[in-house]
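Survey of secondary and tertiary structure
Given next are the chains, with one letter for each unit.
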Amino acid sequence: MDPARGSVVLQMLILGATMAVMDTLYELALVSVLYRMRDRLVRNQRFMAWQSRISGVILIALGLRLAAQQR
């Protein structure tokens, strides 16, 4: 942000809008690719088993973190 180039607020709004548009385009591309791969992945038993394991480990880790957290 450079005040010599104009309003800093306007610069921040432009930066924020640019980031929002770029992130939306990225997410749409990611969803489009994964949607096309969905049937193949769901039918793959090894993938589904690993997905289940990874999801379980993440949930257990989050639960342990929550339990260990001081109030």
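This text gives an overview of the structure that appears in the document. (Residues numbered from 1 in each chain as written. Predicted model: local features only at pLDDT ≥ 70, side-chain atom pairs only at ≥ 80, totals over all residues. Heavy atoms only, no water.)

Here we look at the overall build of the chain
For the record, the criterion: Helical segments are the DSSP runs of H or I of at least four residues, strand segments are the runs of E of at least two, and each set is numbered from the N terminus. The reference for a compact globule is 2.2 Å times residues^0.38; the radius of gyration itself is calculated from the C-alpha atoms. For the exposure calls, accessible area comes from a 1.4 Å probe over protein chains only, and a residue counts as buried if that area is under 20% of its type's maximum, exposed if over 50%, partly exposed in between. To measure how exposed things are, a 1.4 Å probe is used in the Shrake-Rupley method; for residues, cover is taken only from the protein chains shown. We score Asp and Glu as negative and Lys and Arg as positive, and we do not count His or the chain ends. Taken as the charge location is NZ of Lys, CZ of Arg, CG of Asp or CD of Glu.
When helices and strands are tallied, the chain shows 2 helices and 0 strands. Its C-alpha atoms give the chain a radius of gyration of 21 Å, clearly above 11 Å, the size a compact globule of 71 residues would have. Structurally, the chain occupies a C-alpha span of about 60 × 45 × 10 Å along its principal axes. Scored against the burial criterion, the 71 residues of the chain give a buried share of 1%. For the chain, the computed accessible surface area is about 6900 Å², with 66% contributed by carbon and sulfur atoms. Both charge centroids of the chain, one from 9 positive and one from 4 negative side chains, sit 15 Å from each other.

Quick word on the pattern of salt bridges
Quick note on the threshold: What makes a salt bridge here is a side-chain nitrogen of Lys or Arg within 4 Å of a carboxyl oxygen of Asp or Glu, nothing more.
According to the stated counting rule, one finds 1 salt bridge in the structure shown. Asp-39 serves as the salt-bridge partner of Arg-38, at 3.1 Å between the closest nitrogen and oxygen. Arg-38 gets classed as partly exposed once you look at its relative accessible area, which sits at 44%.

Some thoughts on helix H1 (residues 8–43)
As a reminder, the rule being used: For a helix, the expected span equals 1.5 Å multiplied by the residue count minus one. Bend is computed residue by residue as the angle between axes fitted to the seven residues ending at the residue and the seven residues starting at it. N or O atoms within 3.5 Å of each other form a polar contact, as long as, within protein, one can give a hydrogen and the other can take it, and as long as residues adjacent in sequence are counted only when both atoms are side-chain atoms.
If you check H1, its first and last C-alpha atoms are 52 Å apart, about what 36 residues at 1.5 Å a residue would give, namely 52 Å. The largest bend in H1 is about 50°, located at Met-37. Between the side-chain oxygen of the N-cap and the backbone nitrogen of Val-9 there are 3.4 Å, and the N-cap of H1 in question is Ser-7.

The quantities given are spatial measurements derived from coordinates; they are silent on function.
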